[in-house]
Number of protein chains: 2
Amino acid sequence: MVRQREFDVDQALEDAMHIFWSKGYEATSLSDLTAGMGIQRPSIYSAFGDKKELFEAALRKYTAAHAAQARSVLLHGESVKEAFKRYFEGIVEESYADPQNRGCFCINTMVEMAPHDEKFEILTREHEMYLAAIFQEAIERGLRSGELHTGVDAKSLAQTLVVSLIGLTVMMKARPERSFVDHSVEVILTLIQ
Amino acid sequence: MVRQREFDVDQALEDAMHIFWSKGYEATSLSDLTAGMGIQRPSIYSAFGDKKELFEAALRKYTAAHAAQARSVLLHGESVKEAFKRYFEGIVEESYADPQNRGCFCINTMVEMAPHDEKFEILTREHEMYLAAIFQEAIERGLRSGELHTGVDAKSLAQTLVVSLIGLTVMMKARPERSFVDHSVEVILTLIQ
DNA sequence: ATCATTGTGTACCGATTGGTATGTTATGAT
DNA sequence: ATCATAACATACCAATCGGTACACAATGAT
């Protein structure tokens, strides 16, 4: 081979992910990216393709990590109720602790890109579907163990919890009083019985 | 006075609202606006100020109409449960019928602008709070009439319904199967007892 | 009829956009 | 040591961005 790369591709992608996450696609310029990633434009184009391909790679990296975190919280431990409580409250905590108030990269993309770009409509929808599948698996575990005995079917309940989580995440971007969010989490969790 | 305006200011603002609603702030150019509003740039600047001021005026027009619609559906008629059902299902219907898939202008703005612009953080938060107040009023009406006897307090329930509605609206931007959304609405409405 | 005032259309401004051509430097195979 | 290859930095490209200067047209008061 020939001259080797002087930058870490995965680290650069991680940097790009944080920039796109906090500013969105349109508001992020190539100059923002070169500055934040610490590399020049031709390096970006040779390693990742154009701006939109880089964005897609960054989003895929995010959703993979995000789904892994959901799995690790919801598919382990004894109590399913406790797991959901920890998961929802963890997301609330993270959101209020983020000074940049970025919310969820996937949700941001759903709002900004999905209506105009089918690729991102599909990509974001499939991530939320996967999240719903994880939720459903956790609920069914609770049903089998006898911890839960819910009236509605596990799938509908899981989807509703995903919807509620999306709503919480978006609402927190407007920085409502903490009690607003905390009370909502309490009420949402009453769905899991 | 002197020469009079040749365009209808309110109609131009309505046009601008639809453009910003479907494309967002960053992705909308002055050329998009002049083309869609049917007037030239200097006319925009003299009538509305700069791009961001026009955006704010458009958003205020939207939220006023949006809140009025919520009031008209939720604060009249006999059954509160039926009113919420009609309200939620109406929003689902509207969303799936919109070929542009614009969702809610206020929610779009919450995601795109609120984290970076305090003015829009406040503006969007206050609209959602106002919506929650309308919801709460409807719930309290149902409690007084004896139609409802909910375990949780009306305020928390109202806030949770707002959160759920935001989640639904955002989720629909990724065009999930209709049954996903319909089942979620059913489950969400079970909170109102 | 004249004049001050203000809306309209054109044409332009500097700055920034996403993207690339180019010359140079580093590397491994031969 | 030579050479093909590819990453590097610089400098550039046309196009578009938000915003405005300016000349002209229309209006009502005098």
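Definitions and limits used
- Residues numbered from 1 in each chain as written.
- Chains lettered and ligands numbered in written order.
- Predicted model: local features only at pLDDT ≥ 70, side-chain atom pairs only at ≥ 80, totals over all residues.
- Heavy atoms only, no water.
- Helix = DSSP H or I, 4+ residues; strand = E, 2+ residues; numbered from the N terminus.
- Buried < 20%, exposed > 50% of the residue type's maximum accessible area, 1.4 Å probe, protein only.
- Polar contact = N/O pair within 3.5 Å; in protein donor to acceptor, adjacent residues only side chain to side chain.
- Contact = heavy atoms within 4.5 Å.
- Salt bridge = Lys/Arg side-chain N within 4 Å of Asp/Glu carboxyl O.
- Phe/Tyr/Trp six-rings, centres within 6.5 Å; stacked < 30°, edge-to-face > 60°.
- Lys NZ or Arg CZ within 6 Å of the ring centre and 35° of its normal.
- Buried area = accessible area lost by both parts, 1.4 Å probe.
- Nonpolar A, V, L, I, M, F, W, Y, C, P; charged D, E, K, R; others polar.
- Expected span 1.5 Å × (residues − 1).
- Arc of directions from axis to C-beta.

Caption draft 1: Representation of the side chain of Thr34(A) within the structure. All names here are of chain A. Topologically, Thr34 is positioned in helix α2 (residues 30-37). Residue Thr34 is classed as buried on the basis of its relative accessible area, which comes to 16%. In this structure the side chain of Thr34 is engaged in a polar contact, spanning 3.0 Å, whose partner is the backbone oxygen of Ser31. Excluding its chain neighbours within four sequence positions, the residues that come into contact with Thr34 are Ile39, Gln40, Arg41 and Ile44.

Caption draft 2: Quick peek at the pattern of salt bridges. Residue and element names in this part refer to chain A. Going through the model one piece at a time under the given rule, you end up with 24 salt bridges over all chains. Note that Lys52 and Asp117 form a salt bridge whose closest N and O atoms lie 3.1 Å from each other. Here the residue Lys52 occupies a position in helix α4 (residues 51-74), and Asp117 occupies one in the loop between α6 (105-112) and α7 (118-145), the gap between them amounting to 65 residues. Under the relative-accessibility criterion, Asp117 is labelled buried at 16%.

Caption draft 3: Main features of the packing of aromatic side chains. Taken as a whole and assessed by the stated rule, the structure comprises 22 aromatic pairs over all chains. Pairing Trp21(A) with Tyr62(A) gives two aromatic rings, centres 4.9 Å apart and planes at 65 degrees, and the pair type is edge-to-face. Here Tyr62(A) lies in helix α4 and Trp21(A) lies in helix α1 (residues 9-23), a separation of 41 residues in the sequence. You'll find Trp21(A) and Tyr62(A) in the same group, each marked buried. Ring centres of Tyr87(B) and Phe135(B) lie 5.9 Å apart, and the angle between their planes is 90 degrees; on these two criteria the pair is classed as edge-to-face. Placement of the pair is Tyr87(B) in helix α5 (residues 80-97) and Phe135(B) in helix α7 (residues 118-145), with a sequence separation of 48 residues. For Phe135(B), a relative accessible area of 0% translates into the label buried. Linked through ring pairs, Phe20(A), Trp21(A), Tyr25(A), Phe55(A), Tyr62(A), Phe105(A) and Phe120(A) together constitute an aromatic cluster. In this arrangement the basic side chain of Arg102(A) is found over the ring face of Trp21(A), its NZ or CZ atom lying 3.9 Å from the centre.

Caption draft 4: Unusual backbone geometry, seen in detail. For Asn101(A), which is not a glycine, the phi torsion comes out positive at approximately 55 degrees. Considering the arrangement of structural elements, one finds Asn101(A) in the loop between α5 (80-97) and α6. For Asn101(A), a relative accessible area of 4% puts it in the buried group. Phi is positive for Arg175(B), which is not a glycine, with a value near 50 degrees. Positionally, Arg175(B) belongs in the loop between α8 (154-171) and α9 (178-189).

Caption draft 5: Representation of the interface of chain A and chain B within the structure. With 41 residues of chain A at the interface, the matching set in chain B holds 40 residues. Sorting the residues of chain A by area buried against chain B places Val111(A), Val163(A) and Phe180(A) first, and these three jointly supply 17% of that buried surface. Summed over the shared surface of chain A and chain B, the result is eight residue pairs in polar contact (both at pLDDT 80 or more). For the side of chain A that touches chain B, the secondary-structure elements that each account for two or more residues are α1, α6, α7, α8 (154-171) and α9 (178-189) of chain A. Looking at the side of chain A that touches chain B element by element, the count peaks at ten residues for α8(A). Partitioning the side of chain A that touches chain B into residue classes produces 19 nonpolar, 14 polar and eight charged.

Caption draft 6: Highlighting the side chain of Thr28(B). Tracing the sequence through the fold places Thr28(B) in the loop between α1 (9-23) and α2 (30-37). With residues near it in sequence (within four places) discarded, Thr28(B) still touches Ile19(B), Phe20(B), Lys23(B), Leu33(B) and Lys51(B).

Caption draft 7: Quick peek at α5(B). All names here are of chain B. Between the first and last C-alpha of α5 there are 25 Å, a value that for 18 residues agrees with the 26 Å anticipated at 1.5 Å per step. By the burial criterion, the buried members of α5 are Val80, Ala83, Phe84, Tyr87, Phe88, Ile91, Val92 and Ser95. In a view along the axis of α5, the buried residues occupy a sector of 165 degrees, so they form one face of it. Turned more than 90 degrees off the buried face of α5, the exposed positions are Arg86 and Ala97. Tucked inside the fold, the buried residues of α5 contact α4 (51-74), α7, α8 and α9. The backbone nitrogen of Lys81 lies 3.4 Å from a side-chain oxygen of the residue at the head of α5, namely Ser79.

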